[in-house]
Amino acid sequence: MLTVSNINAFYGESHILHNVSFDIRKGEVVTLLGRNGAGKTTSLRAIMGNLKGTTGSIRFDGNELIGRKIHEIPKLGIGYVPEERAIFASLNVLENLLLPPAVAKGGMSVDEIYQLFPNLKGRDRTQGTRLSGGEQQMLAIARILRAGARFILLDEPTEGLAPVIIEQIGHAILTLKNAGYTMILVEQNFRFATTIADRHFVMEEGHVIDELSASEVLTNPAKLERYLGV
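About the criteria used
Residues numbered from 1 in each chain as written. Predicted model: local features only at pLDDT ≥ 70, side-chain atom pairs only at ≥ 80, totals over all residues. Heavy atoms only, no water. Helix = DSSP H or I, 4+ residues; strand = E, 2+ residues; numbered from the N terminus. Rg over C-alpha atoms; globule rule 2.2 N^0.38 Å. Buried < 20%, exposed > 50% of the residue type's maximum accessible area, 1.4 Å probe, protein only. Contact = heavy atoms within 4.5 Å. Lys, Arg positive; Asp, Glu negative; His and termini not counted. Charge placed at Lys NZ, Arg CZ, Asp CG, Glu CD. Axes fitted to C-alpha atoms, helices over the stretch in contact; angles between N-to-C directions. Parallel < 35°, antiparallel > 145°, perpendicular 65-115°, else oblique. Left-handed = near helix turned anticlockwise from the far one by under 90°. Nonpolar A, V, L, I, M, F, W, Y, C, P; charged D, E, K, R; others polar. Pairing = 2+ DSSP bridges. Salt bridge = Lys/Arg side-chain N within 4 Å of Asp/Glu carboxyl O. Core = buried A, V, L, I, M, F, W, Y, C linked by side-chain atoms within 4.5 Å.

A. Looking closely at the overall build of the protein. Broken down by element type, the protein carries eight helices and ten strands. Relative to the 2.2 N^0.38 estimate, which gives 17 Å for 230 residues, the radius of gyration of the protein is 17 Å and therefore close to what a compact globule would have. In terms of overall dimensions, the protein has a C-alpha envelope of 45 × 40 × 30 Å along the principal axes. Out of the 230 residues belonging to the protein, those deemed buried represent 49%. Within the protein, contacts between residues at least 6 apart in sequence are counted, and of these 68% link residues at least 24 apart. One finds the centroid of the 24 positive side-chain charges in the protein at a distance of 5 Å from the centroid of its 25 negative side-chain charges.

Here it is in structure tokens:
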């Protein structure tokens, strides 16, 4: 569904991604793992077209993304949930869900979203700033699901959240996977990542240095721990 080939990306004159390559199959959950500054978030931003001067190839469902205008990429069914969540703090839950326009067919209804994230049910009129961090994360994911995204990029979805909320986010991700959604997660919490992902790409200093299957991590967790310095 997505093939990233030999991507080089820059912030100004700083060369951040060095010939990064990885692929995602339809219906998979894949993680990008690595220490801070490894290039994980930059990889997501490159997919979304947010970095000028990116070279290489990023093909999504047969469409080349490099060179496309930024507003065209979400219309292909790709949704990005940034680390900062970026919900509209002055709007209530329902307004946050309904304001973004649909970018593709097949988006979730509000009722379906409340089934996926029960914490949001009954909070229609609650202002965004009054939600907990976990509820804000749920709302940020829900917003792109309503807009029709089927390929979802999640940047640090569990950062700073309580264990019970992390469990709920994990359940929602597995529910989406079973419904045919495809996802890339950038995650620092590798123990959470190993419970939901099919494959893991390990990044270090702007390079992809290894690919591990879920079964490899289960049988040899020490290998991943060495990479991440745990």
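Here the narrative resumes, following the displayed structure.
B. Broad picture of the environment of Met183. Mapping Met183 onto the fold places it in strand β8 (residues 182-186). A C-alpha to C-alpha distance of 7.6 Å links Met183 and Gly27, two positions 156 residues apart in sequence. Look past the residues within four positions of Met183 in its chain and what remains in contact with it is Glu28, Val29, Val30, Ile152, Ile173, Leu176 and Lys177.

C. Main features of the packing of helix α4 (residues 133-146) against helix α5 (residues 163-178). Remark: α4 packs on α5, axes separated minimally by 10 Å, with the N-to-C direction vectors making an angle of 15°. Considered as vectors, α4 and α5 are oriented roughly parallel to each other. For the crossing formed where α4 meets α5, the hand is right-handed. Across the interface between the two elements, Gly134, Gln137, Met138, Ile141 and Leu145 of α4 pack against Ile165, Gln168, Ile169 and Leu176 of α5. Partitioned by chemical class, the residues of the contact of α4 with α5 number six nonpolar, three polar and no charged.

D. Focus on the sheet that holds strand β7 (residues 151-155). Read across the sheet, six strands follow the order β6-β7-β8-β3-β9-β10 without closing on themselves; strand pairing throughout is mixed. The strands lining the two open edges of the sheet, one partner per strand, are β6 (78-81) and β10 (207-213). Within the sheet, the average angular offset between the axes of one strand and its neighbour, ignoring direction, is 15°. Relative to β8, strand β3 (residues 29-33) runs parallel, the two being bridged by four bridges. By the bridge assignment for β8, Leu32 is matched with Val186. Each of β6 and β7 is contacted by α4, which is oriented at about 165° to β6, the strand it contacts most. Contacts between α5 and the sheet are confined to β3, β7 and β8, with β8 contributing the most and set at about 150° to the helix.

E. Expanded view of the environment of Glu205. Looking at the element boundaries, Glu205 is found in the loop between β9 (199-204) and β10. Expressed as a C-alpha distance, the spacing of Glu205 and Glu135, which sit 70 residues apart in the sequence, is 33 Å. Aside from chain neighbours lying at most four places away, what touches Glu205 is Ile16, His18 and Ala38.

F. Focus on the pattern of salt bridges. Tallying each qualifying case throughout the model produces nine salt bridges. For Glu72, the salt bridge identified is with Arg68, shortest N-O distance 3.9 Å. Residue classification places Glu72 among the partly exposed positions, given a relative accessible area of 28%. By relative accessible area, Arg68 is classed as partly exposed at 30%. Its salt-bridge partner being Glu211, residue Arg199 comes within 2.9 Å of it at the nearest N-O pair. Residue Arg199 is located in strand β9, and its partner Glu211 is located in strand β10; the two are separated by twelve residues in the primary sequence.

G. The nonpolar core, seen in detail. Among the nonpolar cores identified, the biggest contains 37 residues, and Phe117, Leu145 and Ile173 are the most heavily contacted of them. At the level of secondary structure, the elements contributing two or more residues to this core comprise α2 (93-98), α3 (110-116), α4, β7, α5, β8 and α6 (190-196). Top element by residues in this core is α4. It accounts for seven residues. In contact with Ile173, other than residues within four places in its own chain, are Val29, Leu154, Met183, Leu185, Phe192 and Ile196. Judged by nonpolar contacts, the second largest core, of 28 residues, contains Ala9, Phe22, Leu32 and Met48.

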